[in-house]
Amino acid sequence: MRFLQPHSSAALGSFLQDHCSRYGKVFKSHLFLSPTIVSCDPELNNFILQNEDRYFQGSYPKPVHGVLGKNSLLVVVGETHKRLRTMALALVNATKANPGYINDIETMATYVMTRWKGKEEVYFCDEARKFTFSVIVKQVLGLSPDDTTTAVILRDFRTFMNGLISFPLYIPGLPYARAVQARTRIASAVKDILEERARSMGASPCNGGQDFLDVLLSVGNLSDEEKVSFVMDSLLGGYETTTLLLAMAVHFLGQCPAALDQLLSEHRNIRDDRDENQPLSWDDYKKMEFTQNVINESLRCGNIVKFVHRKALIDVRFKDYLIPSGWKVLPVLSAVHLDPSLHGDPSTFNPWRWEGQNQTASKKFTPFGGGTRLCPGSELAKVETAVFLHHFLLNFRWRPAAEDVPIAYPYVEFPGGLPLKVEPIDGE
């Protein structure tokens, strides 16, 4: 219970601080009903992440299987995981190749912000969720924000997310049971959409101009159940993770005026280099260099994913350690991000630390995991965050309306919803 005790996501928490000080960066414990090796060591973490299916394997608690489903990319292992991940990468590439992708993001961002008219205060996490969900259902299911199906799925998805982090006790009326029921309803809606698209496609194969569903339905080695689960995974990955990344960036920028000023200057320059009302392009996104620094630092400080679940397939020797076969292994990603020997003054939000460095591919920075379980949509999350920030910074003055910090439960959220005072910039 101490391991799961809520704490600031920008800190290790008392359990890890106490155990690391007493036993070092690698120690044994008993967590999630299993003997466990906990690693806060960058070398061992990298070794674990890079040896999926060789020495280690994903091993999430069974209640997670109950909510996500047995075919979820997060919980499947072995050849099934490889097959689904290959599909995920293909679909991500198809999304990035879509010439209207960035325009769709812009449209959803302005759609959300225009509804702030007349409001002096917004709960940013709620607004970010509206934005990210609108983007992902458009890209994955082809639905617009005004579609009634979108509203129904979003409502069920919030119930689903609340249950994902709840106590795993299936009693009708409790969050876990409501989450399982919500997933069933979402899966049913997704199945209906897939069947309707399949009928419209007919029996002819897809050629050129394919969107997400076209590519998914044209794959012959996935069952209908796996396709539905795959869409669910895509919605989950594109919804909550990107929402938290956006909220983290705004939260930390609110504490660092110098970073906010430099970021605003970068986006003004990008705007001034375009014709009036000209949409953003991939070239504009590539110019957002300091924006990438802000995103990386928000991920490092915010630690959206604190740790991942693995188990040892065989007895594994690493340096002086023996990890017994069958034991759970928890690489703690946040411990590496907050290690003062790797990141100077780690508790300080400092986007400039990323200048001239390619730490995104290093052992010191693994916000999206690593190895064959590296999040396939990580780049899409960064694109959506950058585009939203572009319009947010250029169109609004803002400041925190109340103190609110991200808390790891271990799942991360802002308890107060990150309330902001917002004011439209004159003439924008």
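The written sequence of each chain sets the order in which its residues are numbered from 1. Where local features are concerned, this predicted model is filtered to residues with pLDDT of at least 70; where side-chain atom pairs are given and counted, the filter is 80 or more; whole-chain, interface and lining totals use all residues. Here the side-chain values reflect all heavy atoms present in the structure, with hydrogen atoms and water set aside.

- Named according to an unreviewed UniProt entry, the protein chain is Cytochrome P450 724B1 originating from Spirodela intermedia.

**A look at the sheet that holds strand β2 (residues 26-31)**
Piece 1. When DSSP locates at least two bridges between a pair of strands, those strands are taken to pair. A run of H or I in DSSP counts as a helix once it spans at least four residues, and a run of E counts as a strand once it spans at least two, with each numbered from the N terminus. One open sheet holds the 5 strands; their spatial order is β2-β3-β9-β6-β4, and the pairing between them is mixed. With one partner strand each, in any of the chains shown, β2 and β4 (56-58) form the two edges of the open sheet. Ignoring which end each strand starts from, the neighbouring axes of this sheet average 35° apart.
Piece 2. Alignment of β4 against strand β6 (residues 310-312), held across 3 bridges, turns out to be antiparallel. Bridging from a neighbouring strand, G58 pairs with R310 of β6. Here the axes come from fitting lines to C-alpha atoms, over the contacting stretch only for helices, and the angles between their N-to-C directions go from 0 to 180 degrees.

**A look at the packing of helix α6 (residues 124-141) against helix α15 (residues 378-395)**
Piece 1. Where α6 contacts α15, the axes come no closer than 12 Å and their chain directions differ by 125°. In terms of orientation, α6 lies oblique with respect to α15. Taken as a pair, α6 and α15 cross one another with a handedness that is right-handed. Seen from α6, the contacting residues are F124, F131, T132 and V135; seen from α15, they are E384, F388 and F392. If an angle is under 35 degrees, it is roughly parallel; if it is over 145, roughly antiparallel; if it lies from 65 to 115, roughly perpendicular; otherwise it is oblique. Crossings are sorted by hand: turned counterclockwise from the far helix by less than a right angle, the near helix makes the crossing left-handed, and turned clockwise it makes it right-handed. Whether two residues are in contact is decided by their heavy atoms: any pair within 4.5 Å suffices.

**Quick look at the sheet that holds strand β10 (residues 396-400)**
Strand pairing in a sheet relies on backbone hydrogen bonds, with the paired strands running either antiparallel or parallel.
Piece 1. The sheet built from 3 strands is open, its strands ordered β5-β13-β10 with antiparallel pairing. Because the sheet does not close on itself, it has two edges, and the strands there are β5 (121-123) and β10. Averaged over all adjacent pairs, the angle separating strand axes in this sheet is 35°, with direction ignored.

**Some thoughts on the side chain of D339**
Piece 1. Structurally, the position occupied by D339 is in the loop between α14 (333-337) and α15.
Piece 2. Discounting residues that sit within four places of it in the chain, D339 has contacts with K25 and P346.

**Considerations on unusual backbone geometry**
Leaving glycine out, the prevailing phi sign among residues is negative, and the prevailing peptide bond configuration is trans.
Piece 1. Even without being a glycine, L33 presents a positive backbone phi close to 65°.
Piece 2. Structurally, L33 can be placed in the loop between β2 and β3 (34-39).
Piece 3. In this structure, D53 takes a positive phi of about 70° despite not being glycine.
Piece 4. Relative accessibility under 20% of the residue-type maximum defines a buried residue, over 50% an exposed one, and the middle range a partly exposed one, all with a 1.4 Å probe and only protein chains included. Relative accessible area serves as the criterion here: at 25%, D53 is assigned to the partly exposed category.

**Some words on the packing of aromatic side chains**
In this description, an aromatic ring pair is defined by two values, namely the gap between the centres and the angle between the planes.
Piece 1. Aromatic pairs are defined between Phe, Tyr and Trp rings, using the six-membered ring for Trp, whenever the two ring centres lie within 6.5 Å; interplanar angles under 30 degrees are classed as stacked, those over 60 as edge-to-face, and all others as tilted. Under the defined criterion, the tally for this structure stands at 26 aromatic pairs.
Piece 2. Pairing F3 with F15 gives two aromatic rings, centres 5.4 Å apart and planes at 80°, and the pair type is edge-to-face. Highlighted residues: F3 in the segment before β1 (7-8) and F15 in helix α1 (residues 14-23), separated in sequence by 12 residues. In this pair, the class of F3 matches that of F15, namely buried.
Piece 3. Pairing F47 with F318 gives two aromatic rings, centres 4.8 Å apart and planes at 35°, and the pair type is tilted. With a gap of 271 residues between them, F47 in helix α2 (residues 42-50) and F318 in strand β7 (residues 316-318) connect regions that are remote in the sequence. In this structure, F47 and F318 share a single accessibility class: buried.

**Describing the pairing of β2**
Piece 1. Where β2 lies against β3, 6 bridges are found, and the strand directions are antiparallel. Each residue of the ladder has a partner; that of V26, found in β3, is S39.
Piece 2. Counted along the chain from β2 to the antiparallel partner β3, the turn is 2 residues long, and its residue F32 has a positive phi close to 55°.

**Quick word on helix α13 (residues 289-302)**
Piece 1. Each helix should span, by expectation, one fewer than its residue count multiplied by 1.5 Å. Between its terminal C-alpha atoms α13 stretches 20 Å, which fits the 20 Å expected from 14 residues at 1.5 Å a residue.
Piece 2. Burial of α13 is extensive: 13 of the 14 residues sit out of reach of the surface.
Piece 3. N303 sits one or two residues past α13 and shows a positive phi near 50°.

**Quick notes on helix α7 (residues 148-164)**
Piece 1. Here α7 spans 25 Å end to end across 17 residues, near enough to the 24 Å set by a 1.5 Å rise per residue.
Piece 2. Taken together, the buried positions of α7 are T150, I153, L154, D156, F157, F160, M161 and G163.
Piece 3. Elements that come into contact with the buried residues of α7 comprise α3 (62-68), α6, α8 (175-201) and α10 (224-253).
Piece 4. Looking at where α7 begins, the residue whose side-chain oxygen comes 2.9 Å from the main-chain nitrogen of T149 is D147. The definition of a polar contact used here is a pair of N or O atoms within 3.5 Å, where within protein one atom must be able to donate a hydrogen and the other to accept one, and adjacent residues in sequence count solely through side-chain atom pairs.

**With respect to the UniProt feature "binding site: heme" (unreviewed entry) in the protein chain**
Piece 1. UniProt positions are given in the numbering used here, feature names are shortened, and annotations may be inferred rather than shown by experiment. The residues that UniProt annotates with the feature "binding site: heme" (unreviewed entry) are C375.
Piece 2. Looking at the element boundaries, C375 is found in the loop between α14 and α15.
Piece 3. When its relative accessible area of 29% is taken as the criterion, C375 is described as partly exposed.

**Some thoughts on the side chain of S229**
Piece 1. Counting through the fold element by element, S229 comes out in helix α10.
Piece 2. When its relative accessible area of 2% is taken as the criterion, S229 is described as buried.
Piece 3. Within the structure, the side chain of S229 is placed 3.3 Å from the backbone nitrogen of S72, a separation counted as a polar contact.

**Focus: the pattern of salt bridges**
Piece 1. By definition, a salt bridge exists where a carboxyl oxygen of Asp or Glu is found within 4 Å of a side-chain nitrogen of Lys or Arg. Applying the stated criterion to the full structure yields 20 salt bridges.
Piece 2. Where K70 meets E225, a salt bridge forms, and the shortest distance between an N and an O atom there is 3.9 Å. Placement of the pair is K70 in the loop between α3 and α4 (78-97) and E225 in helix α10, with a sequence separation of 155 residues.
Piece 3. The exposure class of K70 is exposed, given its relative accessible area of 64%.
Piece 4. A salt bridge links D126 to R129; the shortest N-O distance between them is 3.8 Å. Note that D126 and R129 are positioned in helix α6 at a spacing of 3 residues, about one turn of the helix.
Piece 5. Residue D126 is classed as partly exposed on the basis of its relative accessible area, which comes to 35%.
Piece 6. Beyond isolated ion pairs, a larger network of salt bridges with shared partners links R2, D18 and R22.

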